[in-house]
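# An overview of the molecular structure
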Amino acid sequence: MAQWCALLCLVVAPFRSSAGLRGGLLGLAALLLLADAVRAKSWRELFPPHSIATDGILLWLGVVLIWCFISVDVRESFSAFKGEVAIPILAGLVFYALTRSELDVHRWLFALGLGLAGLLASMFIDPFRQGEIVPRPWYGGVGPVSTWVVGVVALVPFAWSAEAPQRVRAIGIAVMLLAAGIAYMSGNRMVWASFALMLSAFAVLSIREGQAMPKTRTLVGWVLAIGLLGALFFASSEARFDGLVEDKGSVALLL
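Anyway, here's the lowdown on the structure attached to this text. (Residues numbered from 1 in each chain as written. Predicted model: local features only at pLDDT ≥ 70, side-chain atom pairs only at ≥ 80, totals over all residues. Heavy atoms only, no water.)

## With respect to the pattern of salt bridges
Under the counting rule described, the total for this entry stands at 2 salt bridges. Taking the shortest distance from any N to any O, the salt bridge between Arg 39 and Asp 36 comes out at 2.2 Å. You can see Arg 39 and its partner Asp 36 sitting in helix α2 (residues 19–40), 3 residues apart, about one turn around the helix. Here Arg 39 falls in the exposed class, since its relative accessible area comes to 62%. Linking Arg 107 and Asp 104 is a salt bridge whose minimum nitrogen-to-oxygen distance equals 2.7 Å. With Arg 107 and Asp 104 both in helix α5 (residues 102–125), this residue pair falls 3 residues apart, about one helical turn. (Salt bridge = Lys/Arg side-chain N within 4 Å of Asp/Glu carboxyl O. Helix = DSSP H or I, 4+ residues; strand = E, 2+ residues; numbered from the N terminus. Buried < 20%, exposed > 50% of the residue type's maximum accessible area, 1.4 Å probe, protein only.)

Structure representation (C-alpha cells):
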C-alpha cells in the first residue's frame, strides 16, 4: 500500500495544484512504513546510514529552523518550511525506505513517465504564452516544470543498465522523448544546456568505469547528441529573443 501511495505521488507530482495530494500520499506512506517497522521491530531500513551527507542535511535543517524562529514573519516562514523543506525530506525518507532494488527504481521511472505524459498533454491544451512576464498556466510555471523535467531525466541511466530488461529500456526512451517535448514546449533554453551537461557527465563516467574504451559509434553518438543539444540551446535562445522583441510592451523582459 505504501508503494502505491508513492507511485501515485510521482504521477501527480509535476502539477502545481497537487501539493496537498502529494503531502497526503507521502504522509500516508510514511505512516504505513512506520506501522510495518513497529510490527517488525526494525527501524534501520527507514533511515539512511550515518554519513557526512546526513550530517550536512541535519545541519542545514537546523539552520533553516533557527531562521524560521527569528524571521520577521514566523508564520509565513514555517508555512514555507512545510512545503519547501519538510515535504521534500519526508519524500526522501519514504522513497529511501521503499527502494530496495533496481526494480523499484524502474517502477519509479514508469510512474514519472506517466506524470510527464500528463504534463505534456496539459502543455498542448494550455501552452505557455510568449510575452507574458509571469506565464502561469494551471499546471505550473516555466521554472518548476523545467526543474522537474531535468530531475526526472537524471533517472534515465537506470533504464540503460546492462541488467535492465527490454521493456524498461523502452520506458527510458519514452521518458526521454516526453522530456524533450516538454523542454520544447516550455521554451526554456537552460533545459537543453542541462541535458547536454548531464549527457557529458554520463559519457565521462561511463568511460572511466569501463575496462575498455567504448565503441567508436558509441563515442560518435555521444558527440552528436551533445552537439544537437547545444544547437537546440542556441536555437531556443534565438527564438526566445525574437519573441521578446516582438512584444513591444515588454522592455523589462529583455533584461
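## Comments concerning the nonpolar core
Met 123, Ile 182 and Phe 195 are the most contacted members of the largest nonpolar core, which has 50 residues in total. Going through the elements one at a time, α1 (2–12), α2, α4 (74–98), α5, α6 (142–153), α7 (166–186), α8 (189–209) and α9 (216–246) are the ones with two or more residues in this core. The element best represented in this core is α5, accounting for 8 residues. With sequence-adjacent residues up to four places away left out, Phe 195 is seen in contact with Val 149, Val 150, Val 153, Ala 179, Ala 183 and Leu 229. (Core = buried A, V, L, I, M, F, W, Y, C linked by side-chain atoms within 4.5 Å. Contact = heavy atoms within 4.5 Å.)

## Some points on the environment of Tyr 139
On the secondary structure map, Tyr 139 appears in the loop between α5 and α6. When sequence neighbours within four positions are dropped, the list of residues in contact with Tyr 139 reads Pro 14, Phe 15, Arg 16, Leu 119, Ser 122, Met 123, Asp 126, Pro 127, Phe 128 and Val 145.

## Topic: the packing of aromatic side chains
With the rule as written, the count across this model stands at 4 aromatic pairs. Taken together, a centroid distance of 5.0 Å and an interplanar angle of 75° make the contact between Phe 69 and Phe 78 edge-to-face. Judged by its relative accessible area of 27%, Phe 78 falls in the partly exposed class. Their ring planes at 85° and their centres at 5.0 Å tell us that Phe 95 and Trp 108 sit as a pair that is edge-to-face. With a gap of 13 residues between them, Phe 95 in helix α4 and Trp 108 in helix α5 connect regions that are remote in the sequence. Its guanidinium or amino end placed over the ring of Tyr 96, Arg 100 lies 5.6 Å from that ring's centre, counting from NZ or CZ. (Phe/Tyr/Trp six-rings, centres within 6.5 Å; stacked < 30°, edge-to-face > 60°. Lys NZ or Arg CZ within 6 Å of the ring centre and 35° of its normal.)

## Comments concerning a nonpolar patch on the surface
A contiguous nonpolar surface patch, about 510 Å² in accessible area, is contributed by Leu 31, Leu 34, Val 38, Trp 43 and Phe 47. The exposure class assigned to Val 38 is partly exposed, which follows from its relative accessible area of 49%. (Patch = residues over 30% accessible without salt bridge, like charges linked within 9 Å, V, L, I, M, F, W, Y side chains within 5 Å. Areas by Shrake-Rupley, 256 points an atom, 1.4 Å probe, with all protein chains shown as cover.)

## A look at α1
Since the α-helix turns once every 3.6 residues, residues separated by three or four places project in the same direction. Among the residues making up α1, those that are buried are Ala 2, Cys 5, Ala 6, Leu 7, Cys 9, Leu 10 and Val 12. Residues of α1 that are buried make contact with α2, α4, α5 and α6.

## Here we look at α6
The end-to-end C-alpha distance of α6, which contains 12 residues, comes to 17 Å, matching closely the 16 Å that a straight helix rising 1.5 Å per residue would cover. Buried residues of α6: Val 145, Ser 146, Val 149, Val 150, Val 152 and Val 153, and no others. The buried residues of α6 all sit within an arc of 165° when viewed along its axis, so they share a single face. (Expected span 1.5 Å × (residues − 1). Arc of directions from axis to C-beta.)

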